[in-house]
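This is what each chain is made of:
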Amino acid sequence: MSWHPQYRSSKFRHVYGKPASKENCYDSVPITHSVHDNHFCAVNPHFIAVVTECAGGGAFLVIPLHQTGKLDPHYPKVCGHRGNVLDIKWNPFNDFEIASCSEDATIKIWNIPKQLLTRNLTTYRKELIGHARRVGLVEWHPTTANILFSAGYDYKVMVWNLDTKDSVIAGPVKTINCHQDMILSMSFNTNGSLLATTCKDRKIRIVDPRLGIVLQEASYKGHRANKVLFLGNLKKLLSTGTSRWNNRQMALWDQENLSVPLTEEDLDGSSGVLFPFFDSDTSMLYIVGKGDGNIRYYEVSMEKPHLTYLTEYRSYNPQKGIGIMPKRGLDVSSCEIFRFYKLITTKSLIEPVSMIVPRRSESYQEDIYPPTAAAQPSLTAHEWLSGMNRGPIMMSLRPGSELLDSQTLPPERPLSNSMVQVSPQPLEPMKQPAEDGDQAPFSLLEEKVPKWTAEHHLGEKSCLTNGFDVFKCSPPKTENELLQMFYRQQEEIRRLRELLIQREVQTKQLELEIKNLRMALSSALLHPCPQGHQ
């Protein structure tokens, strides 16, 4: 009998964690001592926000991302809550707007000025009043502007519409009353049409956020869930919690059937909460333990065993909370695919940890950076509340690239079903230059531009799309590859349109010169010079 080792090919098998140097950390930060099981940190490409201590109320710090090093002990705070701040979240579509919730049973929306704070910020933009007890969680809708969700200790999830001129909103547009105990976590699917929650009764629920109806509920007793997370477009959920023997455990669930988990995995016997993070672009799952110094990461696939352990980042400094940078804020030149911000209370330190794919080439690595969600909503609050669903607007992380057109995501259709219908749309603008002028640009080019010039340009670039030979590339096999090919074709069409317009301008200039020469020749023939002056 021969033994055959199971090798699994993966471009992320050698991902490693790289902590920032001392001068690139945030030192002397007064991190909160709250025992609430939250991240206490929110990050975007401009700021890092951290919950802190404040006498007589609740507050948090907003530090510019580039302002590393030791923090001034008198650094201004954002304070206005009458109780401790329990959760903060940046608006995914506005890097200068943040939501905070507190033990005073209110949610506040703050506008952060672009210049540095010189004194404490106490004026909020909006105040949301509706919960009867303290509010423990806030979440922005992933694709819709001005829709915020909050979960309180009154066992209610409230849906808020911020698209009003009122500075005080006295009631939500929807209240979800299906929970029998305190809500521990909330997570949205990709287009925000489903909401998954965990509760202190250890049940996982999938809820329609507009109707408040429970669509699925897990009654499995072997896994007591604490945190839950939708895994992108894989139609799966991941939950972290404890087993019957109080071991820390994670479980993978089928979104359509929560009766029994697809797989369970015991991790260790520690007591801290496990925070899961999923990168839908790379299908990588990160498990961060509160009170640990380690970060485990896995690769998620549709086939069994679904979860493939990659490796673990180890550190002696335990994290009390954690923040993550959105994909658009990563350093693509160093092949960084994820970045954590660890809150280390024992040192009053915030330490960035970058997840790096080791590559020798310094050029942009398109295979590890597929199109990702952009900072632009695809729906208005009114459209979403009226029943419309739409996936996120996508963008390329290639430096200098433009935002991908929102028309590529038609409403009320999932992303995977829209591929065939979308591709013909970018071809329509090609007709526009022909309709603007009296003559078609193609006919002008064919008549006026020398044939060898056109063949030279077409032969040089027609088969290349952003440096890729489309005739030598293999057909796309996955949805991401299909998206990448589609976006390359969009860019190529845009480039050809620009080239066409340039050729048309050159052609008109040549026609004008020919016309001037003919007029000069005809005038010379009609008015010949006298022979005496020749």
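Analysis parameters
- Residues numbered from 1 in each chain as written.
- Predicted model: local features only at pLDDT ≥ 70, side-chain atom pairs only at ≥ 80, totals over all residues.
- Heavy atoms only, no water.
- Helix = DSSP H or I, 4+ residues; strand = E, 2+ residues; numbered from the N terminus.
- Buried < 20%, exposed > 50% of the residue type's maximum accessible area, 1.4 Å probe, protein only.
- Contact = heavy atoms within 4.5 Å.
- UniProt positions renumbered as here; feature names shortened; annotations may be inferred.
- Polar contact = N/O pair within 3.5 Å; in protein donor to acceptor, adjacent residues only side chain to side chain.
- Pairing = 2+ DSSP bridges.
- Salt bridge = Lys/Arg side-chain N within 4 Å of Asp/Glu carboxyl O.
- Phe/Tyr/Trp six-rings, centres within 6.5 Å; stacked < 30°, edge-to-face > 60°.
- Lys NZ or Arg CZ within 6 Å of the ring centre and 35° of its normal.
- Core = buried A, V, L, I, M, F, W, Y, C linked by side-chain atoms within 4.5 Å.
- Axes fitted to C-alpha atoms, helices over the stretch in contact; angles between N-to-C directions.

(A) Looking closely at the overall build of the protein chain. Of the regular secondary structure elements, the protein chain holds six helices and 35 strands. Here the protein chain holds 534 residues, and the buried ones make up 50% of them. Counted over contacts in the protein chain with a minimum sequence separation of 6, partners at least 24 positions apart contribute 53%.

(B) Representation of the UniProt feature "repeat: WD" (unreviewed entry) in the protein chain in the model. Within the UniProt annotation, "repeat: WD" (unreviewed entry) is assigned to residues 78–112, 128–170 and 176–208. Taken end to end, residues 78–112 is 0% helix and 74% strand, and its first and last C-alpha atoms sit 9 Å apart.

(C) Molecular detail of the side chain of His141. The residue His141 is located in the loop between strand 12 (135–140) and strand 13 (147–152) in this model. A distance of 3.1 Å separates polar atoms of two side chains, one belonging to His141 and the other to Thr144. Setting aside chain neighbours within four positions, we find His141 in contact with Pro92, Phe93, Ile147, Phe149, Phe188, Asn191, Gly192 and Trp384.

(D) View of unusual backbone geometry. Along the chain, Lys304 connects to Pro305 via a cis peptide bond; the corresponding omega equals 10°. On the secondary structure map, Pro305 appears in the loop between strand 27 (295–300) and strand 28 (307–313). The backbone of Ser28 shows a phi angle near 60°, a positive value even though the residue is not glycine. You can see Ser28 is positioned in the loop between strand 2 (26–27) and strand 3 (41–43). Its relative accessible area of 27% is what places Ser28 among the partly exposed residues.

(E) Expanded view of the pairing of strand 4 (residues 47–52). Across the six residues of strand 4, six count as buried, placing the element largely inside the fold. Alternating positions in strand 4 separate into two faces, Phe47, Ala49 and Val51 on one and Ile48, Val50 and Thr52 on the other, with burial throughout. Here strand 3 runs beside strand 4; their pairing, made up of three bridges, is antiparallel. By the bridge assignment for strand 4, Val43 is matched with Ile48. Taken together, strand 3 and the strand that follows it, strand 4, pair antiparallel across an intervening segment of three residues. Alignment of strand 4 against strand 5 (residues 58–64), held across six bridges, turns out to be antiparallel. Note on strand 5: the bridge partner recorded for Ile48 is Ile63. What sits between strand 4 and strand 5 in their antiparallel hairpin is a turn of five residues, with Gly56 showing a positive phi close to 80°.

(F) Main features of the pattern of salt bridges. Counted by the stated rule, this structure contains 22 salt bridges. Residue Glu127 is joined to Lys108 by a salt bridge in which the shortest nitrogen-to-oxygen separation is 3.0 Å. Taken together, the residues span a long stretch of sequence, with Glu127 in strand 11 (residues 126–129) and Lys108 in strand 10 (residues 106–111) at a distance of 19 residues. The class for Glu127 is buried, based on a relative accessible area of 9%. Here Asp201 makes a salt bridge to Arg205, at a shortest N to O gap of 2.8 Å. One salt-bridge network, held together by shared partners, links Asp201, Lys203, Arg205 and Glu217.

(G) A look at the packing of aromatic side chains. The final tally for this structure, using the stated rule, is 15 aromatic pairs. With a centroid separation of 4.8 Å and 75° between ring planes, the pair formed by Phe149 and Phe188 is classed as edge-to-face. On the criterion of sequence distance, the pair formed by Phe149 in strand 13 and Phe188 in strand 17 (residues 183–188) is long-range, its members being 39 residues apart. Across the pair, exposure class does not vary: Phe149 and Phe188 are buried alike. Between Phe149 and Trp384, the ring centres sit 6.1 Å apart and the planes meet at 75°, which makes this aromatic pair edge-to-face. A residue pair is termed long-range when its members are at least 10 positions apart, and Phe149 in strand 13 and Trp384 in helix 1 (residues 381–385) qualify at 235 residues. Using a relative accessible area of 0% as the deciding quantity, one classes Trp384 as buried. By the ring-pair criterion, three or more aromatic residues cluster together here, those being Phe277, Tyr286, Tyr297, Phe338 and Phe340. Directly above the ring of Phe96 sits Lys114, whose terminal nitrogen or CZ lies 5.3 Å from the centroid. Above the ring of Tyr153, the side-chain terminus of Arg134 is found at 4.2 Å from the ring centroid.

(H) Quick look at the nonpolar core. Of all hydrophobic cores here, the largest spans 34 residues; its most connected members are Ile48, Phe60, Ile112 and Tyr341. Listed by contribution, the elements that provide at least two residues to this core are strand 3, strand 4, strand 5, strand 8 (85–91), strand 9 (94–102) and strand 30 (336–344). With five residues, strand 4 is the largest single contributor of residues to this core. In this structure, Met284, Ile295, Leu310 and Ile368 belong to the second largest nonpolar core, which totals 28 residues.

(I) Highlighting the sheet that holds strand 7 (residues 78–81). Judged by pairing direction, the sheet is antiparallel, and its four strands sit side by side in the order 3-4-5-7 without closing on themselves. Looking at strand neighbours, the two that pair on one side only are strand 3 and strand 7, the edges of this open sheet. Adjacent strand axes in the sheet meet at a mean angle of 20°, parallel and antiparallel pairs treated alike.

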